[in-house]
Amino acid sequence: MNPWVAQRNGNSVIRCISKSERGVMDGRVTLSTIDRDGFINALEKSGIDSDRARRLAVDISLDINFLWRNLKIETENPVWADEQHIRILIPAMLVGEWDERIKNDRDLIGILSGTSYEDYLEKLQFIIKAEESPLLKIGSVWQIKAPYTLYNIFYKDITEDDLTHLLECLEWLLEDDDPDALAKMDEGTLHFWKDKHAYSGYIKKGVFRSLTLLSIVFEKYHRDCKAINQLIQAQLEGFTTERYLSNMHNMKWIAEANPVVFLDFIQKDIANGAQLMGKIFEIKQTPYGLTNTNIFYSDLLFCLENIAWSRELLPRTTEILLYLCKYPNNSNWTNRPINTLYNIYQFLLPQTFADFDNRFVILKSLSTNSVINCLQYPQGKHLSAFCPFLRRSH
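### Thoughts on the overall build of the protein chain
Each helix and strand counted, the protein chain has 22 helices and five strands in total. Relative to its full complement of 394 residues, the protein chain shows a buried share of 45%. In the protein chain, the proportion of contacts linking residues at least 24 apart, taken out of those at least 6 apart, comes to 65%. Total accessible area on the protein chain is roughly 22000 Å²; 52% of this is exposed by carbon and sulfur atoms.

This is how it looks when you write it as structure tokens:
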């Protein structure tokens, strides 16, 4: 149907448009996005407890169709969820997001699908046009909706060949270093940098997120994660400063996919002289910006904050954070290791699932020298604030 012809003939037409579309459009209505807190509150008012409401909001990406299926309100499978179309969907699901303007993104889709990007997109048309389609396109960017829910439903349909191809693509994405990464870190003048990555940030985020979701879902359903874990370990062992800077915004996905290997990576670097930690925790001065300083450790610190929620991994995380407190930090940034420790070990609302007794035992079991060394650093004066019983433990 041609909407313009229909409108000229006196019909009312409702048409979805994006911000990138141009042209005069009378009677334009801008719909508000679904508010996450409002979504959670609505679920709570319907009788769903707060914890489950929050999990649902994340798992279904605020999608009402996935909500109905999760709550068993809708029990029939979508029209596209047959064996043939699920196999077609798998490559897109593994990639998660991509920008079709970028040739390398298109080529990577082609490798996973075993055909050209154009042929694969043609095969996707039935799923794209179907009701409750799991695919969303905004401008030139394709996205999979509610990927965690989809992985829980279709994890059995992911073959070993699919996983092998995905891990191969992941290696390419990890090795897509920014050739200007080190220069950007040390820049002292205002400079406009050109993005020289071979792949888009969308496809990197999508594939790294898939790595995490596969690890979580495979572990949940007792499927072997050995290949994923081996790749993460092998890649982290070869991490240079340039590679860290090129991938730092996606480190959270690597850390969540295998937090034990991630902690091993940091502790091994510390044991070998902290070549990487020493560089990324160095505060860089700059004449530009509100703080006149640049930091490059915030993504790594965010990873440690997430891992600290684990009771089992809190001892190792605490030891690493105590070590990282040794680096001088005279910046105005609040996200620093000492503040992370404060948030973890504060008496009220500690940012960990470990209870008070566990936290007490962890700090007491750490070597006396480690704690004393930390207390001797200029920023260590705050350490007694987050744990008043620390001094009594000696």
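### Considering the environment of Phe126
The topology assignment puts Phe126 in helix H7 (residues 117-129). Exposure remark for Phe126: the relative accessible area of 41% places this residue in the partly exposed category. Residues Phe126 and Val79, spaced 47 residues apart in sequence, show a C-alpha to C-alpha distance of 9.4 Å.

### Some words on the side chain of Arg359
Assignment of secondary structure puts Arg359 in helix H20 (residues 356-365). The buried charged residue Arg359 lacks any salt bridge partner; its closest oppositely charged side chain belongs to Asp355, at an N-O distance of 6.0 Å. There is a polar contact of 3.0 Å between the side chain of Arg359 and the backbone oxygen of Ala354. The contacts of Arg359, once residues within four sequence positions are left out, are Leu314, Ile344, Tyr345, Gln346, Phe347, Pro350, Thr352 and Ala354.

### Comments concerning the nonpolar core
Grouped together as the largest cluster of nonpolar side chains are 109 residues, with contacts concentrated most on Met251, Phe262, Met277 and Leu300. Filtering out sequence-adjacent residues up to four positions away, Met277 remains in contact with Ile266, Asp269, Ile270, Leu300, Leu324 and Tyr327.

### Structural notes on the sheet that holds strand E1 (residues 97-99)
Here three strands make up an open sheet; going across it, the order is E1-E3-E2 and the pairing antiparallel. Where the open sheet ends on each side, the last strands, each with one partner, are E1 and strand E2 (135-138). Strand after strand, the sheet turns through a mean of 15° between neighbouring axes, direction not considered. In the sheet, E2 pairs with strand E3 (residues 141-144) via four bridges, with the strands oriented antiparallel. Residue pairing across strands places Leu135 opposite Ile144, the latter belonging to E3.

### What to know about the environment of Leu56
Among the secondary structure elements, Leu56 is positioned in helix H3 (residues 50-59). Linking Leu56 and Leu43, residues 13 residues apart in sequence, is a C-alpha distance of 9.1 Å. Discounting chain neighbours no more than four positions away, the residues touching Leu56 are Leu43, Ile48, Ser61, Leu67, Asn70 and Leu71.

### Considering helix H12 (residues 226-237)
Relative to the 16 Å expected for 12 residues at 1.5 Å per residue, H12 spans 17 Å between its end C-alpha atoms, a close match to the ideal helical length. Ile228, Leu231, Ile232, Gln235 and Leu236 are the residues of H12 that are buried. Buried residues of H12, viewed axially, fall in a sector of 120°; they line one side. Buried positions along H12 lie against helix H9 (160-174), helix H11 (201-220), helix H13 (241-247), helix H14 (251-257) and helix H15 (259-271).

What counts as what
- Residues numbered from 1 in each chain as written.
- Predicted model: local features only at pLDDT ≥ 70, side-chain atom pairs only at ≥ 80, totals over all residues.
- Heavy atoms only, no water.
- Helix = DSSP H or I, 4+ residues; strand = E, 2+ residues; numbered from the N terminus.
- Buried < 20%, exposed > 50% of the residue type's maximum accessible area, 1.4 Å probe, protein only.
- Contact = heavy atoms within 4.5 Å.
- Areas by Shrake-Rupley, 256 points an atom, 1.4 Å probe, with all protein chains shown as cover.
- Lys, Arg positive; Asp, Glu negative; His and termini not counted.
- Salt bridge = Lys/Arg side-chain N within 4 Å of Asp/Glu carboxyl O.
- Polar contact = N/O pair within 3.5 Å; in protein donor to acceptor, adjacent residues only side chain to side chain.
- Core = buried A, V, L, I, M, F, W, Y, C linked by side-chain atoms within 4.5 Å.
- Pairing = 2+ DSSP bridges.
- Axes fitted to C-alpha atoms, helices over the stretch in contact; angles between N-to-C directions.
- Expected span 1.5 Å × (residues − 1).
- Arc of directions from axis to C-beta.

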